[in-house]
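# What the coordinates show
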Amino acid sequence: MSEHEHREPVSFSRAKATDPHMQPAAKDPVGMERRIAILFILAFGLFAAFGACYWVNASAWTLGATMGGGLLLLGVGLVAWGKYLMPKGPFVEERHDMASSSEDRDAFAATIVERGGGIVKRRPVLGGLLGAGVGVFSLVAIFPLLRSLGPNPGNTLLVTDWKKKAHLVDSTGRRIHVDDLSIGSAVTVFPKGYENDDQAQSMDQTILIRIADHDITTQKGRETWGPQGYVAYSKLCTHLGCPVGLYERELKLLVCPCHQSMFDVTNGAIPNFGPAPRPLPQLPLYVDSEGYLRAQNGFDEPVGPGFWERK
Amino acid sequence: MTDIAVNTKRAKKAQAGPYGKVGQALNGLDDRLGVAKGGRTFMDKIFPDHWSFMLGEIALYSFVVLLVTGIFLTLYYVPSSSIVTYHGPYLPLDGQKFSEAYASSINLSFSVRAGLLMRQMHHWACDIFVGSIVVHMCRVFFTGAFRKPRELNWSIGLTLLTLAIVNGFIGYSLPDDLVSGTGIRIAYSIILSIPVVGTHLAFWLFGGNFPGTVILGRFYAIHILILPLVILGLVGAHLGLLVRQKHTQFPGEGRTEKNVVGSPMFPIFMAKTTGFLFLVGGAIALLGAFAQINPIWQFGPYDNIAKISYAVQPDWYMGFLDGALRIFPAWSFHSFGYTIPIEVLFPAVILPGIVFTLGYLWPNLEARITKDDEIHNLLDRPRDRPHRTAAGAGILSLLFMLFIASSTDVIANYMHISLNEVLIAMRVLVLVSPFIGYAVAYYICKELQGVEKAGKRKTHNIVTRTATGEYVTVAAPMNVNDMHAELHAVPVPNYIEDDAVAASASSTAGVRTVDR
């Protein structure tokens, strides 16, 4: 029998046991069987070790090593068994057309089009009413299902808890005094009373930075917003709402760690790099008679990323 | 007395039929379900032996690992954002207050036996699941396996990829650590960016403004129940269609459009594929044991929403979206009192929408362009369809560049170049890469087409000297172990005395003689 005939695929179910296709691919089947047996025994041992490791509460890596090692050995052995000790083939099976005979197709199409369509055509009013009923039910059922998932946005995204005369406090609730920050430092602040509220923080978080007076380029209409070098900007990035938490002291830039938008804190937090489309909204500040920093007013525009209803 | 006993045994054996108890059980099954004929056909189903058909198996088996490890994790994870005080073996967090979700994730990592291993295996299995689906789809795409009659299975596969990515992201969000919390914040903002309905969609999904208190519970239900069920159903449909339509195969000896050549389901393929299941499981277990992934205890909890850290990168399969968000220009559109945040909408919604829609439409687009309505069961070699191969390479180049762009900060830091330069370079690369990818792939295809028998296995030449002093060069026969898909061996090119060979009248195919 020539090699060429070996490679001609035959039907598995019709091949005789003596057919060369039914012989194992291994040249030395006994040796191969021995090797696979060794793999299985080692796998058996590793699984036992896995149980022991679990029993004595050993570290995670020993559990993974024994289990993974055992599975790998078992896998290699089983693949080798299939590849080298089972009939080597190649085998062939016939493929039958998916398509049915044209009579069957016509009969099927006729069932749908004539019988099905005929029923609807004969009772057009019923069909229409059924459609309308199902349609109304779908709308009515879907709408309240969605609607009760959450409230309407209303003005939630438009306002924050920063109100007139609100004290600036840090995350521990301590009020910020005008002497607290040296030039070049920054702290995250919240309106007093909201410093422990995650929900409020998601809108209110504000970064307070002290910079030298002469560095500030005052925006028109914001002449009084930054007393004694203190400027406060919403900490929500106008790109996607990440906290703009990295303050580059040398460059006087606020950097968003998510997508690297950079905001110039000396000049109204105008973005000078990256995908953020708008400056960070600025909180107008004043120093009260006791020397504590307070908000003149809330933010004059919505904070955070853009959305449809944002003006 | 003994005779009777023997007779009873014999009688019993005879009664059981030639195949014993198993045969009886099978007969019982066939009485009720009529499975004998179909079962036999199924056991004889032929699976092609080519290695590239294992890619889908990797996806299937990593999904099995996902289910098993995931069931383990559900027993310990608590999807609650209520605040608890952590007391446990991980001392840096001892006594701190954070969400129960994060606390339970820390607990299952440090206090539950094999918990950390299971968590890491689950995460690795997910990355491998998505990765193997992508590579499997590349195989299907570049060999034209999606063509008629398999367009529907291509769509199911693409849907599986989408669902795998979405469920991967949601699962990654469940531990409520600092990095994943930031990821949820970004996802919220992306939903907000959708015109007209965006704010409502975001408020419905999160039960109000970010972060709310319900999102972890909802993500949990989606992650462990809804999407796994859908994925499971679609995997069943995917495999069902595969059995119904039978496998494709590469052209080769004895292979036609009308047959399939390979190994039968039982026992050969079953042995190999079960072994492969163990191999995939074992590899994932070793990764879970030795390769740390997502160390949430180092990231810290997402308890203080104002916190964040440097180098926030998502899992690899979200990278192309993150990269697109980084490099897209700050183009926001305001008009008539409304805002369309194009800087978010385009890179995060429209761009992936275009790519995936193109994927769904591709089989029909290609059939329309090539005016090809035939049934195809034999696969293409990528080089033989240069335009398709080039188009795939172009899309992959684009996605790869976007993926690279998700690390602009790390690149700038590592290579000591300005972030600005990295950003501009990435913008240029993303724009030109699809065209370069297309052109390069196209010309490689054309070059390969020009090389006869390229990619075929080579054999040695045997040079013998005859008694008359004549040298004869013959291609050696192929090694028996190399007998695979290859049709005929190709001799190693013989450059010796080429001119003499050309002049020699006695040269025949495969045999060259040179007179000395």
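Here the structure is a predicted model, which means the values were calculated and not measured. (Residues numbered from 1 in each chain as written. Chains lettered and ligands numbered in written order. Predicted model: local features only at pLDDT ≥ 70, side-chain atom pairs only at ≥ 80, totals over all residues. Heavy atoms only, no water.)

## Points about the overall build of chain B
Using the following cut-off: The helix count covers DSSP runs of H or I at least four residues long, the strand count covers runs of E at least two residues long, and both are numbered beginning at the N terminus. Each residue gets one of three labels from its accessible area relative to the maximum for its type: buried under 20%, exposed over 50%, partly exposed in between, using a 1.4 Å probe on protein chains only. The contact rule is simple, with two residues in contact once any of their heavy atoms fall within 4.5 Å. Only the protein chains shown count as cover for residues, with accessible areas throughout obtained via the Shrake-Rupley method and a probe of 1.4 Å.
When you go through chain B residue by residue, the secondary structure sums to 18 helices and 11 strands. The buried share among the 516 residues of chain B stands at 48%. Considering only contacts within chain B whose residues lie at least 6 apart along the sequence, 73% involve residues at least 24 apart. Summed over its atoms, the accessible surface of chain B is roughly 25600 Å², and 67% of this surface lies on carbon and sulfur atoms.

## Topic: the overall build of chain A
To keep things clear, this is the line we draw: Using C-alpha atoms as the atom set, the radius of gyration is obtained and then compared with a globule rule of 2.2 Å times the number of residues to the power 0.38. When charges are counted, Lys and Arg are positive and Asp and Glu negative, with His and the chain ends excluded. To locate a charge, the coordinates of NZ of Lys, CZ of Arg, CG of Asp or CD of Glu are taken.
Counting its regular elements, chain A contains six helices and 12 strands. The C-alpha atoms of chain A give a radius of gyration of 37 Å, which is well past the 19 Å a tight globule of 311 residues would have. A principal-axis box enclosing the C-alpha atoms of chain A has dimensions of 105 × 75 × 40 Å. Buried residues in chain A amount to 44% of all 311 residues. The contacts in chain A between residues at least 6 apart in sequence include a share of 57% that link residues at least 24 apart. Accessible surface computed for chain A: about 16400 Å², of which carbon and sulfur atoms make up 61%. Averaging the coordinates of the 31 positive side-chain charges in chain A and doing the same for the 32 negative ones gives two points 4 Å apart.

## Here we look at the pairing of strand E3 (residues 186-191) of chain A
Walk down a regular strand and you will see the side chains alternate between the two sheet faces. Residue and element names in this part refer to chain A. Here is the rule we go by: At least two bridges found by DSSP between two strands are what make those strands a pair.
Bridging between strand E2 (residues 168-169) and E3 involves two bridges; their strand directions are antiparallel. Counterpart to Val169 in the pairing with E3 is Phe190. Here E3 pairs with strand E4 (residues 206-210) via four bridges, running antiparallel. Counterpart to Val189 in the pairing with E4 is Thr206.

## Thoughts on a nonpolar patch on the surface
All names here are of chain B. Here is the rule we go by: Residues enter a patch when their relative accessible area is above 30% and they make no salt bridge; the linking distance is 9 Å between like charges and 5 Å between nonpolar side chains (Val, Leu, Ile, Met, Phe, Trp, Tyr). One side-chain nitrogen of Lys or Arg within 4 Å of one carboxyl oxygen of Asp or Glu is enough to make a salt bridge.
Taken together, the side chains of Val64, Leu67, Val68, Ile224, Leu225, Ile226, Leu229, Val230 and Leu232 define a hydrophobic patch exposed on the protein surface, amounting to about 730 Å² of accessible area. Listing elements by their share of the nonpolar patch, those giving two or more residues are helix H4 (54-74) and helix H10 (215-245). Tracing the backbone shows Val64 in helix H4.

## Digging into the sheet that holds strand E10 (residues 282-283) of chain A
Taken together, five strands build an open sheet; the order of strands is E2-E3-E4-E5-E10 (chain A) and the sheet is antiparallel. Of all the strands in the sheet, just E2 and E10 of chain A have a single pairing partner and so form its edges.

## Overview of the nonpolar core
Keep this limit in mind: Each nonpolar core is a collection of buried residues, namely Ala, Val, Leu, Ile, Met, Phe, Trp, Tyr and Cys, held together in the definition by side-chain atoms within 4.5 Å.
Ranked by internal contacts, the top residues of the largest apolar core, which has 96 residues, are Phe129, Leu161 and Leu402 of chain B. Ranked by the residues each element gives to this core, the list is headed by helix H6 (residues 115-142) of chain B, at 12 residues. Excluding its chain neighbours within four sequence positions, the residues that come into contact with Phe129 of chain B are Ala59, Ser62, Phe63, Leu66, Ala164 and Ile231 of chain B. Formed by 23 residues, the second largest nonpolar core is a distinct cluster that contains Ile211, Val244, Tyr247 and Cys256 of chain A.

## Some details on the interface of chain A and chain B
It is common to report an interface's size as the accessible area lost on association of the parts. Heads up, the condition is: Two parts placed together each lose some accessible area under a 1.4 Å probe, and the buried area is that loss summed for both. Pairs of N or O atoms within 3.5 Å make up the polar contacts considered here, provided that, within protein, one atom can donate a hydrogen while the other can accept it, and that residues adjacent in sequence are counted only when both atoms are side-chain atoms.
Taken together, the contact pairs 84 residues of chain A with 97 residues of chain B. Summed over both sides, the interface between chain A and chain B buries roughly 7900 Å², with carbon and sulfur atoms accounting for 65% of that surface. On the surface where chain A and chain B come into contact, there are one salt bridge. A salt bridge links Lys258 of chain B to Asp97 of chain A, with the shortest nitrogen-to-oxygen separation between them at 3.1 Å. Between chain A and chain B we count 27 residue pairs in polar contact (both at pLDDT 80 or more) in total. Every element with two or more residues in the side of chain A that touches chain B is listed here: helix H1 (3-7), helix H2 (29-55), helix H3 (60-85), strand E1 (91-94), helix H5 (124-147), E3 and helix H6 (198-204) of chain A. Examined bridge by bridge, E1 of chain A and strand E4 (residues 259-264) of chain B share four bridges and lie antiparallel to one another. Residue pairing in the sheet places Phe91 of chain A in a bridge with Gly262 of chain B of E4 of chain B.

## So, the confidence of the model for chain B
Residue and element names in this part refer to chain B. Rule in force here: For every residue, the predictor assigns a confidence score, pLDDT, that lies between 0 and 100.
Of all residues in chain B, 88% have pLDDT values of 70 or greater, and the mean over the chain is 88. Confidence over residues 489-516 falls short of pLDDT 50; this stretch has 46 contacts with residues more than four positions distant or in other chains. This prediction of the complex comes with two scores: 0.90 for pTM and 0.92 for ipTM.

## Some remarks on the packing of helix H15 (residues 386-405) of chain B against helix H17 (residues 419-450) of chain B
Residue and element names in this part refer to chain B. Put simply, the test is: Structural elements are reduced to axes, namely lines fitted to C-alpha atoms, with helices fitted over the stretch in contact, and the angle between N-to-C directions of any two is expressed from 0 to 180 degrees. Roughly parallel means an angle under 35 degrees; roughly antiparallel, over 145; roughly perpendicular, 65 to 115; everything else is oblique. Crossing chirality is assigned from the near helix's rotation relative to the far helix, an anticlockwise turn below a right angle marking it left-handed and a clockwise turn marking it right-handed.
Between H15 and H17, the least distance of the axes is 7 Å, while the angle of their chain directions is 150 degrees. The pairing of H15 with H17 is recorded here as roughly antiparallel in orientation. Crossing of H15 over H17 shows right-handed handedness.

## Quick look at the pattern of salt bridges
Residue and element names in this part refer to chain A. What the rule picks out here adds up to 16 salt bridges over all chains. Note that Arg174 is salt-bridged to Asp170, the shortest N-O span being 3.7 Å. Residue Asp170 is classed as buried on the basis of its relative accessible area, which comes to 12%. Where Arg294 meets Asp288, a salt bridge forms, and the shortest distance between an N and an O atom there is 3.1 Å. Residue Arg294 is classed as buried on the basis of its relative accessible area, which comes to 19%.

## Quick look at the environment of Gly154 of chain A
Residues and elements named next belong to chain A. Relative to the helices and strands, Gly154 resides in the loop between H5 and E2. The exposure class of Gly154 is exposed, given its relative accessible area of 65%. Gly154 sits 71 residues away from Trp225 along the chain, and the two C-alpha atoms are 29 Å apart.

## Topic: the confidence of the model for chain A
Scored by pLDDT, chain A has a mean of 90; 98% of the residues are at 70 or more. Segment residues 1-5 of chain A: pLDDT under 50, and seven contacts once partners within four positions in sequence are set aside and those in other chains are kept.

## Comments concerning the packing of aromatic side chains
The relation between two aromatic rings is expressed through the spacing of the ring centres and the mutual angle of the planes. All names here are of chain B. Put simply, the rule reads: Each pair of aromatic rings taken from Phe, Tyr and Trp, with Trp reduced to its six-membered ring, is defined by centres within 6.5 Å and is described as stacked if the planes are under 30 degrees apart, edge-to-face if over 60, and tilted in the remaining cases.
Inspection of every chain in the model, using the stated rule, returns 30 aromatic pairs over all chains. Ring centres 5.1 Å apart and planes at 25 degrees place the aromatic pair Phe328 and Phe346 in the stacked group. In this pair, Phe328 sits in the loop between helix H13 (319-327) and strand E5 (333-335) while Phe346 sits in helix H14 (residues 342-370), placing the two residues 18 residues apart along the sequence. You can call Phe328 buried: its relative accessible area is 14%.

## Some details on the sheet that holds strand E8 (residues 262-264) of chain A
The strands making up a sheet associate through hydrogen bonds between their backbones, and the pairing can be parallel or antiparallel. Residues and elements named next belong to chain A. Spatially, four strands are ordered E6-E7-E8-E9 in an open sheet, and the strand pairing comes out antiparallel. Each edge of the open sheet is held by one strand with a lone partner, namely strand E6 (246-248) and strand E9 (270-273). When the angles between neighbouring strand axes are averaged without regard to direction, this sheet yields 35 degrees. The sheet contact formed by E6 and strand E7 (residues 253-255) spans three bridges and is antiparallel. When the bridges of E7 are listed, Tyr247 appears paired with Leu254.

## Thoughts on the state of the cysteines
Our working definition: Sulfur atoms of two cysteines make up a disulfide when they are within 2.5 Å.
According to the stated counting rule, one finds one disulfide over all chains in the structure shown. Across the disulfide, Cys242 of chain A is cross-linked to Cys258 of chain A (sulfur-sulfur distance 2.1 Å). Across the disulfide from Cys242 of chain A to Cys258 of chain A, rotation about the S-S bond amounts to roughly -90 degrees, and the bridge is consequently left-handed. Taken as a pair, Cys242 of chain A in the loop between strand E5 (230-234) and E6 and Cys258 of chain A in the loop between E7 and E8 lie far apart in primary sequence, 16 residues in all. Left without a disulfide partner, Cys138 of chain B is nearest to the cysteine sulfur of Cys445 of chain B, which lies 14 Å away.

## Things to note about the side chain of Glu57 of chain B
Residue and element names in this part refer to chain B. Following the sequence through the fold, Glu57 ends up in helix H4. Within the buried core, Glu57 has no salt-bridge partner, and the shortest N-O distance to an opposite charge, that of Arg139, equals 8.9 Å. Once residues lying within four places of it in the same chain are set aside, the contact partners of Glu57 are Phe269, Thr273 and Phe276.

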